[in-house]
Amino acid sequence: MHTSRLCAYILQPKKSMDYPLQKQIKTSVVACIIDEQQRVLLTRRSIPPFLGQWVMPGGKIDHGEPIHTALKREVAEEVGLEVSIDNLIDVYEHVSVGDRHDHYIILYYRATPHNFEISINPDELSEAVWYAPDQLPEVDVPPGCRHILALLHPQLTWPHLEPPGDLADCEIPGVCPLEKR
């Protein structure tokens, strides 16, 4: 009994922590799918978040699901492609998002398609298009997507590249109200 009390005491968080404990950090994966011609596959969202904007295929990682498995699943669900995962491009983070002050981490991976027969999920997307690098700066994409594309193509001029600021909420599935768009 004495040991149980000691363990319970040790496991309790200190009250003087600078950051409040959260139930979970929400983690998503996104595939930057690039073909042999260096074109990037972007999809136009037909639902919030990013309603009407162009994004890369991706979504939430399910509890217990390995990262690469989640990425391949999301790509297959959204655009019907099978991909190889090449490498992690970058991690895009949002801290203290929305009224609940959620914490999101988005992992962006470069991926290579095995096939090119796109079959979009009409419940989430209205279209999918392969964009050449020189077309990318003029496409309406969310801040995280712009960040990744700018890393991949630093030689291009990105006229609308701004820090996410107040619109960071719109990068995250389920937290961007329609009236913000």
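For the structure itself, consult the block above.
Every chain is numbered independently, its residues counted from 1 as its sequence is written. Reporting in this predicted model follows two pLDDT cut-offs: at least 70 for local features of residues, and 80 or more for side-chain atom pairs to be given and counted; totals over whole chains, interfaces and linings ignore these cut-offs and use all residues. Note that the side-chain values use all heavy atoms of the structure and ignore hydrogens as well as water.

Peer 1: When you look at the sheet that holds strand 3 (residues 54-55) in this model, what are you seeing that I'm missing?
Peer 2: By way of backbone hydrogen bonds, the strands of a sheet pair with one another, either parallel or antiparallel. Any two strands with at least two DSSP bridges between them are considered paired. Runs of E in the DSSP output that reach at least two residues are strands. Runs of H or I that reach at least four are helices, and both are numbered from the N terminus. Taking strand neighbours across the sheet as the criterion, the 3 strands line up as 3-2-7 in an open arrangement whose pairing is antiparallel. Sheet topology places strand 3 and strand 7 (125-131) at the edges, where each strand pairs with a single neighbour. Of the pairings in the sheet, the one linking strand 2 (residues 40-45) to strand 7 comprises 6 bridges and is antiparallel in character. From the neighbouring strand, Leu42 faces strand 7, where its bridge partner is Val129.

Peer 1: Is there a simple way to explain helix 2 (residues 67-79) in this structure?
Peer 2: Given 3.6 residues per helical turn, the α-helix brings residues three or four places apart onto the same face. Here, expected helix span is obtained from the residue count minus one, scaled by 1.5 Å. Over its 13 residues, helix 2 extends 18 Å from the first C-alpha to the last, a length consistent with the 18 Å expected when each residue adds 1.5 Å. Relative accessibility thresholds used throughout: buried, under 20% of the residue-type maximum; exposed, over 50%; partly exposed, between the two (1.4 Å probe, protein chains only). If you check which residues of helix 2 are buried, you get Ala70, Leu71, Glu74, Val75, Glu78 and Val79. Buried residues of helix 2, viewed axially, fall in a sector of 130°; they line one side. With its phi angle positive at about 70°, Gly80 sits one or two positions after the end of helix 2. An arc is given here, and it is the one of the directions from the helix axis to the C-beta atoms.

Peer 1: I would appreciate a short explanation of the nonpolar core in the present structure.
Peer 2: Nonpolar side chains tend to gather and get buried jointly when the protein is soluble and globular. By nonpolar core is meant a set of buried Ala, Val, Leu, Ile, Met, Phe, Trp, Tyr and Cys residues that side-chain atoms within 4.5 Å join together. Formed by 21 residues in total, the largest nonpolar core has its most connected members in Val40, Leu42, Met56, Tyr108, Leu136 and Leu149. For this core, the secondary-structure elements that each account for two or more residues are strand 1 (26-33), strand 2, strand 5 (83-97), strand 6 (102-113) and helix 3 (143-152). Looking at this core, the element that brings in the most residues is helix 3, giving 4 residues. Whether two residues are in contact is decided by their heavy atoms, any of which lying within 4.5 Å being enough. When near neighbours in sequence (up to four residues on either side) are disregarded, Leu149 contacts Val40, Met56, Leu136 and Trp158. Counting 16 residues, the second-largest nonpolar core is a separate cluster that includes Ala31, Leu41, Leu71 and Ile85.

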